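Working through the structure, step by step
As a plain string of letters, each chain reads:
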Amino acid sequence: MKPAAVAFYGAALVLLAVGLRELLTGFEENRCSMTYMFEYPEYRRVALPRRVARLYPAYGLYLYGEGVYAQETRALKLTGTPVLFLPGNAGSYKQARSLGSVALRKAENMDGGMHLNVFTVDFNEELVALYGGSLVRQTHFLHECIKAILRLYKQHLKTPPQSVALVGHSMGGVVARALFTLPRFNPHLVSLIITQASPHMAPVLALDPYLLDFYDAVRQKWVYQANKLRNVTVLSVGGGYRDYQVRSGLTSLPCRPGDPNKLSLVVTAVPRTWVSTDHLSIVWCKELVLATVRAFFDLIDAETRQFTDSPERKLTVLNHHFIKHPVRMLRDVQNSSISILDVPEAWSEVNTLRLSYSTPKEGQLKYFLFALSSRRKAYSHFYCRSNNMEMSSWVFGCVHTNGSSCVRAVDLSMGTELLPPYKVLILSLSDLASVTHLVVSASNLNGKQFTVECEWQREESQTLSVSVPHVLSFGFTVSDVTVNSSGLLHNIQLLHFHQVYQAFRINVVSQCRVNRDRLPSVYRIRVSWFREDSFTTASVPSAAEISGMLHTSRPDDSSDVLLQLHTAPNCQYKVSLRTSFPKVLGQALRFCGPMVPVYTAVTLLLACGGQLSTILKSGRAADMSQTLGRGLQPHKINLPVYLLHILLSIPPEDTLPPTFPDGVLHERAESPEEWPHLLSPLLYLLGAAVAYWGSALLRFLIRLISLTLAPLHRPSVTRTCGTLRLRTQLLIGLCLTVTGWTSCGALAIFASSLLHLYRVLRLQMTERSLSHMLNLAPRKQKPAANGAVEAEPQSKSNELNGVPLLSESALQEVRDDLQLHLSLSVLLMLPVMLSAPSLIHWIRNLRFSTRLDPDPWWLHTVPLIFVYLLLINCNTLQLSNSRLLPVISCLPLPLAITMATFSSLHLYRVAYFLSAALVPLAFCCVL
């Protein structure tokens, strides 16, 4: 390896490592609380009809239970409200225990015996995110499970439930929405779906066409037939930045704008949760599970003891628990009257601009009265906060006063917003035309101490703006703004911050002149076009760092991102922003990571083309590291790809995740002019680094394995070691073809790759044996120019019974063949890696079925099998003498261009382009 190439690809590997580190670990630690079972969990299998059990032997339906409840439901005579949990990719049905256990504990405090019956589906932990052939089968089985669940209630209840609520994790949420694509499915059987980290917009990796067909069918139903599904309420919750498997932008529900029954948000914005979850912890995160269970119980109708059918009621409950929690019980009436004329000492009228009051240890009745008449012209808003989190009303609008007390008031507490350390209410004075005074309750009859802070605000004086640094400033440019906090709330507009590739480190430093106890500050990044708000709580004074990133780009002319500072009074806050290059790399991999394997394949294909060109010109094979080093040719790839997009009328910014790739709805990533031009070379560089160091690792493993296997083989000194006879090739090819068609195509491809790998190992062993023999061979003596004597190795004349033993030319032939097959082996590993999910799925289901149906690799089985078998006997001499080589050596470049153009988000297409390159090469070895 040349030092320059090693240094270059080493630097590219460092970039990839920095981006991966930021993607996998560049976020807060897991702050979710664990859910625990207080009794031993039990999963009681629900018997399904024989027809269903015969059609789906790998699947099952279970009822979750604990302790006494598990004993009471042993006969499956159920009286609760049915909820069905659907696991996701490789998910276990036992993941329902968090939801089921919390629901059981919640039911202990409910009146009238109201409770949930939590069911769970066993999908055999199938890899449906990587192999889409099982998604339709899972959808049909889910339909049968819903019918079986409802039949359990019809046997002994006069008014049995008519629908089941679904909770789907990961791909389970996508399967839940796919129910409505079934022709015989009654849409009234499911009226509520809650999904957790489900990629609704598009699959994370499109490794087979069945995934795309499945998504396209679901999208067609939910987008173009939305009127038929208005009664179905769907809530999608994304995991935030901790979930690097399914980015939260993909969890947005693809639906027509203005549909109020389809809600999408990130878990960091859920009230009383405010944490980011990884892909698995979103199932057991106690804060989110509590919000889900509370919503379920509030959705139960008190009369029918089943989930309400009213879409308005469902929307109200979900908004209450997942979007804006007003710290009020949902069943409380919004208007209430207070009359405390007999306790005049409880009232205090506030004439100052700000109130800061801490309750005493002793319980007391306390109300503060704020007159509106003198403040309407000078101020626009009234801001109030309290760290008393009790579920009660606390701010009222007084309609009729009597001196310094209020006779009749309207409850204004429903506008309260819950923040991590306290509750906040912001009232617009223009909406309070009928109100003469504001009343703030600071009563602590239970003796619990808390603090209340209120003030009059002028919106324009508390709103600042700052332009964010350019994405290419690499952290050298700083944008900052100083807030001299005379108030409790400040808004900072982050101008030009609306793209997913932008990433910043936002530092907020607070300083106060007087040290005293203050309520903590809360910094909130508010995004207007998607519910992905994040909160940071900091003491005062302190220095806090916030990660400024987005899950979705701004789709239209929405307002800019807002940094909301809930501050302490009479303190100074300095906000500074720097572009974080590691976070930019992390965002690039988060959104465009699937394109890196495509560019890896492009690099390997160009390296193979370079190897063929070298053989055509010199009859010799170049070193594998040199050919891979020459495989990085962005000027030959990116420019034609860009021109192809123009010719095909595709906007250049759609080289990022496009909006509608082949009928699949993807999230659009609008970009300025420089982003597409910079992204493709960067991804190409990262893909080339993967190809370069991956091939180096493969070369190291081949050397290591050949050392292990060398004692088991007789030393060989010819280039034909490891080859197969024609009859053997035909027999093996026929056997592997039958195996692929009757069981699994990926299995036949994997077996063929092992045969070619054995050929490479034999060449490696032969090369080592010849090198050792030449080092030990006797050397002839020849006089040098200065009269000295030099040693000369034996030539081909060194024979035994007329057969040449060894020579430099024989060693060179083996080395040429070894370099050729090393270059091919890296390229031939790609179909094996792409087909691995199908092979794993087939192995896991082998006890239920010996045939993979459907098989996404059946089209590639025969071509790839014979490619592997024909390339086993290939050598540099055959290639250099082939009449097809001049044409074949020109194929890799156009194939690489079309691969980069049409396979960027469809990895399964890579196999087609590889077959188009390898099949002619295989024929080149025999013609």
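Since the model is a prediction, treat every value here as computed from it, not as a measurement.

**Regarding helix H11 (residues 581–592)**
Between its first and last C-alpha atoms H11 spans 16 Å; for twelve residues at 1.5 Å apiece the expected length is 16 Å, and the two agree. Across the twelve residues of H11, ten count as buried, placing the element largely inside the fold. For H11, the full list of buried residues reads Lys583, Val584, Leu585, Gly586, Gln587, Ala588, Leu589, Arg590, Phe591 and Cys592.

**Quick notes on the confidence of the model for the protein**
This prediction gives the protein a mean pLDDT of 87; 92% of its residues lie at or above 70. Confidence over residues 651–674 falls short of pLDDT 50; this stretch has 69 contacts with residues more than four positions distant or in other chains. Here residues 793–805 scores under 50 on pLDDT; set against residues more than four positions off or in separate chains, the count is 17 contacts.

**So, the sheet that holds strand E12 (residues 381–386)**
Pairing is antiparallel in the open sheet, where five strands are placed in the order E10-E18-E12-E16-E15. Edge positions in the open sheet fall to strand E10 (354–358) and strand E15 (417–418), since each of these has one partner strand only. The sheet contact formed by E12 and strand E16 (residues 423–428) spans six bridges and is antiparallel. In the strand pairing of E16, His381 is matched with Ser428.

**Focus on helix H5 (residues 135–154)**
Because each turn of an α-helix spans 3.6 residues, side chains separated by three or four positions in sequence point in the same direction. If you check H5, its first and last C-alpha atoms are 29 Å apart, about what 20 residues at 1.5 Å a residue would give, namely 28 Å. Counted residue by residue, H5 has 14 buried out of 20 residues, so it is predominantly covered.

**Focus on the packing of aromatic side chains**
With the rule as written, the count across this model stands at 24 aromatic pairs. Here Tyr9 and Tyr692 contribute two aromatic rings whose centre-to-centre distance is 4.2 Å and whose plane-to-plane angle is 5 degrees, an arrangement assigned as stacked. Here the residue Tyr9 occupies a position in helix H1 (residues 3–25), and Tyr692 occupies one in helix H15 (residues 674–709), the gap between them amounting to 683 residues. Accessibility expressed as a relative area gives 2% for Tyr9, which makes it buried. Arg177 extends its terminal NZ or CZ atom over the ring of Trp222, reaching a point 5.0 Å from the ring centre.

**Some thoughts on the nonpolar core**
Formed by 81 residues in total, the largest nonpolar core has its most connected members in Val602, Ile637, Leu827, Leu871, Leu879, Met899 and Leu921. No other element matches helix H12 (residues 595–618), which puts 13 residues into this core. Residues contacting Val602, with those up to four places away along its chain left out, are Ile637, Tyr684, Ala896, Met899 and Ala900. Leu63, Leu86, Tyr153 and Leu182 belong to the second largest nonpolar core, which has 55 residues in total.

**Structural notes on a nonpolar patch on the surface**
On the surface, Leu697, Phe700, Leu701, Leu704 and Ile705 cluster together to form a nonpolar patch covering roughly 450 Å² of accessible area. Relative to the assigned elements, Leu697 resides in helix H15.

**As for the pattern of salt bridges**
Pairing of side chains with opposite charge becomes possible as their charged atoms draw close. Applying the stated criterion across every chain, the model contains 21 salt bridges. Ionic pairing is found between Glu22 and Lys583, a salt bridge with its closest N-O pair at 2.9 Å. With Glu22 in helix H1 and Lys583 in helix H11, this residue pair connects regions lying 561 residues apart in the sequence. Residues Glu22 and Lys583 agree in their burial class; the two are buried. In this structure, the salt-bridge partner of Asp817 is Arg719, at a minimum N-O distance of 2.8 Å. Taken together, the residues Asp817 in helix H18 (residues 808–844) and Arg719 in the loop between H15 and helix H16 (726–742) connect sequence positions 98 residues apart. Judged by relative accessible area, which is 14%, Arg719 ranks as buried. What emerges from the salt-bridge pattern is a single network uniting Glu39, Glu66, Arg105 and Glu108.

**Remarks on the sheet that holds strand E6 (residues 192–196)**
Spatial ordering of the open sheet is given by E1-E2-E4-E3-E5-E6-E7-E8, a layout of eight strands whose pairing is mixed. Strands with a single pairing partner mark the edges of an open sheet, and in this sheet they are strand E1 (41–45) and strand E8 (262–266). In this sheet, adjacent strand axes meet at a mean angle of 20 degrees when their direction is disregarded. For E1 and strand E2 (residues 60–66), the ladder comprises five bridges, and the chain directions are antiparallel. Looking at the pairing, Arg44 lines up with Leu63 of E2. Of the strands in this sheet, strand E3 (81–86), strand E5 (165–169) and E6 touch helix H6 (residues 171–178), which is tilted by about 140 degrees from E5.

**Comments concerning the packing of H12 against H18**
Two elements in contact, H12 and H18, have axes separated by 10 Å at closest approach and are oriented at 155 degrees. The orientation of H12 with respect to H18, classified from their angle, is roughly antiparallel. By crossing handedness, the relation of H12 to H18 is classed as left-handed. Here Ala601, Leu604, Leu605, Cys608, Gln611 and Ile615 of H12 come into contact with H18, specifically with Gln819, Leu820, Ser823, Leu824, Val826, Leu827 and Leu830. Taken together, the residues of the contact of H12 with H18 break down into ten nonpolar, three polar and no charged.

Parameters at a glance
Residues numbered from 1 in each chain as written. Predicted model: local features only at pLDDT ≥ 70, side-chain atom pairs only at ≥ 80, totals over all residues. Heavy atoms only, no water. Helix = DSSP H or I, 4+ residues; strand = E, 2+ residues; numbered from the N terminus. Expected span 1.5 Å × (residues − 1). Buried < 20%, exposed > 50% of the residue type's maximum accessible area, 1.4 Å probe, protein only. pLDDT = per-residue confidence, 0-100. Contact = heavy atoms within 4.5 Å. Pairing = 2+ DSSP bridges. Phe/Tyr/Trp six-rings, centres within 6.5 Å; stacked < 30°, edge-to-face > 60°. Lys NZ or Arg CZ within 6 Å of the ring centre and 35° of its normal. Core = buried A, V, L, I, M, F, W, Y, C linked by side-chain atoms within 4.5 Å. Patch = residues over 30% accessible without salt bridge, like charges linked within 9 Å, V, L, I, M, F, W, Y side chains within 5 Å. Areas by Shrake-Rupley, 256 points an atom, 1.4 Å probe, with all protein chains shown as cover. Salt bridge = Lys/Arg side-chain N within 4 Å of Asp/Glu carboxyl O. Axes fitted to C-alpha atoms, helices over the stretch in contact; angles between N-to-C directions. Parallel < 35°, antiparallel > 145°, perpendicular 65-115°, else oblique. Left-handed = near helix turned anticlockwise from the far one by under 90°. Nonpolar A, V, L, I, M, F, W, Y, C, P; charged D, E, K, R; others polar.

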